[in-house]
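Okay, here's what each chain looks like letter by letter:
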Amino acid sequence: AMRERTPPPPPRPPLEGELPRGEVSVPPPEGEAALSECLRDLKRTLEGGSVFVIGRGRRYPVRDPAKSRGDVSREACEEAFDELSRAIGFELLAQAAASHAASRAPAGG
């Protein structure tokens, strides 16, 4: 007889003071309309000040580069995406530089 698999239990919520862990798998948008919607959502989120890059011992906001609020034109949305990409790139470079410096530091120093 075939047995149905029981789904695994949901993960427990983090305890107070504990950071959440895990992975989220989100499929990429399919089609131009879905991509445009994602870019508009990103633009509005940057405008609202709700996007942060978090690194080792650092947290800083990613600002909307637009001159006027509410502009969700394709160009403004692509500029917002580019700004987020730059912020992530800078953080990755900072982490790589810190890792490189730590690997070159004298032991016990």
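That block above? That's the structure.
Residues numbered from 1 in each chain as written. Predicted model: local features only at pLDDT ≥ 70, side-chain atom pairs only at ≥ 80, totals over all residues. Heavy atoms only, no water.

Undergrad: Looking at this model, I keep getting lost on the packing of aromatic side chains. Mind explaining?
TA: Geometry of an aromatic ring pair is reported as the spacing of the ring centres plus the angle between the planes. One pass over the full model with this rule turns up zero aromatic pairs. The ring of Phe52 carries Arg59 above its face, with NZ or CZ at 4.7 Å from the centroid. (Phe/Tyr/Trp six-rings, centres within 6.5 Å; stacked < 30°, edge-to-face > 60°. Lys NZ or Arg CZ within 6 Å of the ring centre and 35° of its normal.)

Undergrad: How should helix α1 (residues 32-47) be read in this particular structure?
TA: The terminal C-alpha atoms of α1 lie 22 Å apart, and with 16 residues this matches the ideal 22 Å at 1.5 Å per residue to within 8%. Residues of α1 that are buried: Ser36, Leu39, Leu42, Lys43, Leu46 and Glu47. In an axial view of α1, the angular spread of the buried residues amounts to 135°, which keeps them on one side of the axis. Taken together, the buried residues of α1 touch α2 (74-104). Phi turns positive, to about 75°, at Gly49, one or two residues after α1. (Helix = DSSP H or I, 4+ residues; strand = E, 2+ residues; numbered from the N terminus. Expected span 1.5 Å × (residues − 1). Buried < 20%, exposed > 50% of the residue type's maximum accessible area, 1.4 Å probe, protein only. Arc of directions from axis to C-beta. Contact = heavy atoms within 4.5 Å.)

Undergrad: Would you explain the nonpolar core in this entry?
TA: In summary, soluble globular proteins display a tendency toward joint burial of nonpolar side chains. Counting residues in each nonpolar core, the largest one holds eight residues, listed as Leu42, Leu46, Val51, Val53, Val62, Ala80, Leu84 and Ala87. When contributions to this core are tallied by element, the ones reaching two or more residues are α1 and α2. If you tally residues by element for this core, the top one is α2, at three residues. Among residues more than four places away in sequence, those in contact with Val51 are Thr45, Leu46, Tyr60, Pro61, Val62 and Leu84. (Core = buried A, V, L, I, M, F, W, Y, C linked by side-chain atoms within 4.5 Å.)

Undergrad: Just checking my understanding: could you explain the pattern of salt bridges for this structure?
TA: Between side chains of opposite charge, a pair can form as their charged atoms come close. Throughout the structure, instances matching the rule amount to seven salt bridges. One salt bridge in this structure joins Asp64 and Lys43, with 2.8 Å as the shortest N-O distance. Residue Asp64 is found in the loop between β2 (58-61) and α2, and its partner Lys43 is found in helix α1; the two are separated by 21 residues along the sequence. Of the two residues, Asp64 and Lys43, neither departs from the other in class, the shared state being buried. Two residues, Arg86 and Glu83, come together in a salt bridge whose shortest N-O distance is 2.8 Å. Here Arg86 and its partner Glu83 are both found in helix α2, three residues apart, which amounts to about one turn of the helix. Looking at Glu83, the relative accessible area reads 23%, which means it is partly exposed. Where salt bridges share partners, they join Glu32, Arg74 and Glu78 into one cluster. (Salt bridge = Lys/Arg side-chain N within 4 Å of Asp/Glu carboxyl O.)

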